[in-house]
Amino acid sequence: MPAVTWLAAVHLVSTLLMAGVILFVQIVHYPLMAGVGRDGFVAYEAGHGRRTGLVVIPLMTTELAAAVWLWVSAGPAARPVASAGLALLAVIWLTTAGLSVPCHRRLSRGFDADAHRRLVASNWIRTLCWLARVPVALLLAVPS
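Here is a short report on the structure shown in this document. Per-chain numbering applies: the sequence of each chain, read as written, is numbered from 1 onward. Only residues with pLDDT of at least 70 get local features here, since the model is predicted, and only at 80 or more are side-chain atom pairs given and counted; chain-wide, interface and lining totals rely on the full set of residues. Side-chain numbers come from the whole structure's heavy atoms, not from hydrogens or water.

### As for the nonpolar core
Formed by 21 residues in total, the largest nonpolar core has its most connected members in M18, M60, L70, I92, W130 and L140. Taken together, the elements giving at least two residues each to this core come down to α1 (3-32), α2 (38-73), α3 (79-107) and α4 (113-141). In DSSP terms, a helix is any run of H or I states spanning at least four residues, a strand is any run of E spanning at least two, and both are numbered starting from the N terminus. Per element, the largest residue contribution to this core is six residues, and it comes from α2. Contacts: residue pairs with any heavy atoms within 4.5 Å of one another. In this structure, M60 is in contact with M18, I92, W93, T96 and W130, ignoring residues within four places of it in sequence. Grouped together as the second largest cluster of nonpolar side chains are 10 residues, V25, M33, F41 and A115 included. Remark: nonpolar core denotes a set of buried residues (Ala, Val, Leu, Ile, Met, Phe, Trp, Tyr, Cys) joined through side-chain atoms within 4.5 Å. For each residue, the accessible area found with a 1.4 Å probe, counting protein chains only, is set against the maximum for its type, and the residue is called buried under 20%, exposed over 50%, and partly exposed in between.

### Thoughts on the side chain of H116
In this structure, H116 sits in helix α4. Its relative accessible area of 9% is what places H116 among the buried residues. Apart from the residues within four sequence positions on either side, H116 is in contact with Y30, P31, M33, A34, L107 and F111.

### Details of α4
Expected helix span is taken as 1.5 Å per residue step, with the number of steps being one fewer than the number of residues. Taking 1.5 Å of rise per residue, the 29 residues of α4 would be expected to cover 42 Å, and the 42 Å separating its terminal C-alpha atoms lies within 8% of that figure. N-capping of α4 is provided by D112, with a side-chain oxygen placed 3.0 Å from the backbone N of D114. Residues adjacent in sequence count toward polar contacts only when both atoms are side-chain atoms; beyond that, a polar contact is any pair of N or O atoms within 3.5 Å, and within protein one must be able to donate a hydrogen and the other to accept it.

### Details of the packing of α2 against α3
To get an axis, fit a line to the C-alpha atoms, keeping to the stretch in contact for a helix; angles then go from 0 to 180 degrees between the N-to-C directions. Where α2 contacts α3, the axes come no closer than 11 Å and their chain directions differ by 160 degrees. The pairing of α2 with α3 is recorded here as roughly antiparallel in orientation. In the crossing of α2 with α3, the sense of the turn from one axis to the other is left-handed. Two secondary-structure elements touch here, α2 through F41, E45, H48, M60, T61, E63, L64, A67, V68, L70, W71 and V72 and α3 through R79, A82, S83, L86, L89, I92, W93, T96, H104 and L107. To sort the angles, those under 35 degrees are grouped as roughly parallel, those over 145 as roughly antiparallel, those from 65 to 115 as roughly perpendicular, and the leftovers as oblique. We call a crossing left-handed when the near helix sits turned anticlockwise from the far one by less than a right angle, and right-handed when that turn is clockwise.

### Description of the packing of aromatic side chains
Ring pairs are drawn from Phe, Tyr and Trp, using the six-membered ring of Trp, whenever the two centres fall within 6.5 Å, and their geometry is named by plane angle: stacked under 30 degrees, edge-to-face over 60, tilted for the rest. Counted by the stated rule, this structure contains two aromatic pairs. Each ring, one from F41 and one from Y44, has its centre 6.1 Å from the other, and the planes form 40 degrees; the classification is tilted. Of this pair, F41 and Y44 both sit in helix α2, three residues apart, roughly one helical turn. Residue classification places Y44 among the partly exposed residues on the basis of a relative accessible area of 28%. With a centroid separation of 5.2 Å and 80 degrees between ring planes, the pair formed by F41 and F111 is classed as edge-to-face. Here F41 is found in helix α2, whereas its partner F111 is found in the loop between α3 and α4, with 70 residues between them in sequence. Here the two residues F41 and F111 agree in accessibility, since each one is buried. Taken together through their ring pairs, the aromatic side chains of F41, Y44 and F111 make up a single cluster. Think of it as a cone above the ring: NZ of Lys or CZ of Arg counts as a charge over the ring if it is within 6 Å of the ring centre and within 35 degrees of the ring normal. The aromatic ring of W71 is capped on one face by R79, whose charged end is 4.4 Å from the ring centroid.

### What about α2?
For α2, which comprises 36 residues, the first-to-last C-alpha distance of 50 Å matches the rise-based estimate of 52 Å (1.5 Å per residue) to within 8%. Bend is computed residue by residue as the angle between axes fitted to the seven residues ending at the residue and the seven residues starting at it. G53 marks the point of greatest bend in α2, at about 40 degrees. Among the residues of α2, those classed as buried are F41, E45, G47, H48, G53, V56, L59, M60, E63, A66, A67 and L70.

### Details of the pattern of salt bridges
One speaks of a salt bridge when a side-chain nitrogen belonging to Lys or Arg is within 4 Å of a carboxyl oxygen belonging to Asp or Glu. This model, assessed by the stated rule, comprises five salt bridges. Two residues, D112 and R106, come together in a salt bridge whose shortest N-O distance is 2.7 Å. For D112, a relative accessible area of 22% corresponds to the partly exposed category. The shortest N-O distance in the salt bridge between R117 and D114 comes to 2.7 Å.

Read these as spatial facts, not as claims about activity.
What follows is the structure, encoded as structure tokens:
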């Protein structure tokens, strides 16, 4: 399999997996955090951070590396699609660092209804961006 085709497949798989993970987190996991209870919440949030990191850090870094490489190697026809994919990733990473991580830091000290509400609301940005990346990754995976 040629390198770009292999890379496009890695990109597609990592994007599809992250879209699935973020959709599950947004619809199921984050809303259920409110029901954990104050007594066990600090331990729950710590476990959430560790376990989620094991899944999302490798996927997010793989997806980013593949997207950058696809953009670098894109021909004129694919460059706008690859650029759109990178723009969506920029929004995802900036939202993660600027909104999600600070909410999780507050939650790591104990349940905070305001931080939880902000986490759930701001995570829609990442959810919609990852879902928008699915057709981008599909287009980049189709040989031109």
